[in-house]
Amino acid sequence: MQIERTAISEVLILTPARRGDERGFFAESWNRKTLREAGVDLPEFVQDNHSLSRQAGTLRGLHYQAPPHAQGKLVRCGRGSLFDVVVDARRSSPTYGQWIGVELSFENGRQIWVPAGFLHGFVTREPDTEVIYKCTDYYDRASEGAVRWNSTGIDWGVSDPLLSDKDRVATSFADWQSPFAYGEF
Ligand SMILES: Cc1cn([C@H]2C[C@H](O)[C@@H](COP(=O)(O)OP(=O)(O)O[C@H]3O[C@H](C)C(=O)[C@H](O)[C@H]3O)O2)c(=O)[nH]c1=O
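What counts, and where the lines are drawn
Residues numbered from 1 in each chain as written. Predicted model: local features only at pLDDT ≥ 70, side-chain atom pairs only at ≥ 80, totals over all residues. Heavy atoms only, no water. Near = heavy atom within 4 Å. Polar contact = N/O pair within 3.5 Å; in protein donor to acceptor, adjacent residues only side chain to side chain. Areas by Shrake-Rupley, 256 points an atom, 1.4 Å probe, with all protein chains shown as cover. Nonpolar A, V, L, I, M, F, W, Y, C, P; charged D, E, K, R; others polar. UniProt positions renumbered as here; feature names shortened; annotations may be inferred. Helix = DSSP H or I, 4+ residues; strand = E, 2+ residues; numbered from the N terminus. Phe/Tyr/Trp six-rings, centres within 6.5 Å; stacked < 30°, edge-to-face > 60°. Buried < 20%, exposed > 50% of the residue type's maximum accessible area, 1.4 Å probe, protein only. Lys NZ or Arg CZ within 6 Å of the ring centre and 35° of its normal.

## With respect to the site of the ligand
- The full set of residues close to the ligand is Gln-47, Asn-49, Arg-60, His-63, Lys-73, His-120, Phe-122, Tyr-133, Tyr-139 and Lys-166.
- Interatomic distance of 3.0 Å between a side-chain N/O atom of Gln-47 and an oxygen atom of the ligand.
- Taking His-63, its side chain carries an N or O atom lying 2.7 Å from an oxygen atom of the ligand.
- Within the complex, 67% of the 650 Å² of free accessible area of the ligand lies under protein.
- In the shell around the ligand, the residues fall into 3 nonpolar, 4 polar and 3 charged.

## Description of the UniProt feature "active site" (unreviewed entry) in the protein chain
- On the UniProt side, "active site" (unreviewed entry) is annotated at positions that read His-63 and Tyr-133 here. Across 71 residues in sequence, these annotated residues keep their C-alpha atoms within 13.9 Å of one another, forming a single compact spot.
- Its place among the elements puts His-63 in strand β6 (residues 59-65).
- Among the structural elements, Tyr-133 can be located in strand β13 (residues 129-135).

## Things to note about the packing of aromatic side chains
- Counted according to the given criterion, the structure contains 9 aromatic pairs.
- Relative to Trp-113, the ring of Phe-45 has its centre 6.0 Å away and its plane inclined at 80 degrees; by these criteria the two rings are edge-to-face. With Phe-45 in the loop between α1 (32-37) and β5 (47-53) and Trp-113 in strand β11 (residues 111-114), this residue pair connects regions lying 68 residues apart in the sequence. Here Phe-45 and Trp-113 have matching classes, each one buried.
- Ring centres of Tyr-64 and Phe-180 lie 5.8 Å apart, and the angle between their planes is 80 degrees; on these two criteria the pair is classed as edge-to-face. One end of the pair, Tyr-64, is in strand β6; the other, Phe-180, is in strand β15 (residues 180-181), and 116 residues separate them in sequence. Just as Tyr-64 is buried, Phe-180 falls in that class too.
- Ring pairing ties together the aromatic residues Tyr-64, Tyr-96, Phe-173, Trp-176 and Phe-180, which thus form one cluster.
- The cationic tip of Arg-18 hangs over the ring face of Phe-25; the distance from NZ or CZ to the ring centre is 4.1 Å.

Now the structure itself:
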């Protein structure tokens, strides 16, 4: 397992080793013990999600669940490729409003750890891109929220993405009141 730190120290890039042979490969996509032995102790995961986006240029985000149902997410690409983005949304954080973007693909096998307190979104780079992710809390519709994708200075590499109705009308980051406090998680 390769572990990379990013410019926001709590956000990690994890890349499991792939054991290749003439059939293809085998990888342990999640192993708590391996990470703990490398000094990384992530919270317990309780729900796995899987989404398929048919069209390249599909953008989902920027999303969150408010406390007490804030979710940490471990995100990977099962098919195709995407640009995954996290934004620090913790009030009084030294990196508040800063974002990290990483290309995730079936080929590179990279995963991004999105801690609770961060906005999360992605834009797909290929048709039929599948995203698989583990969450540290259950879905709670009443707690979920969205911030408009083009209101935080992210360079998504697209100008006219396919958006859900919810994402099309989301609040701008400047007008949004973050429910997350630095040091709360
Ligand atoms: C998130 C979620 C959704 N749903 C239902 C609700 C809707 O009927 C349908 C689609 O939901 P939504 O349009 O919110 O899906 P995405 O736009 O992919 O939202 C996700 O995309 C961004 C990138 C995220 O990080 C979040 O996990 C999540 O907000 O699935 C569920 O039943 N369970 C769930 O955990």
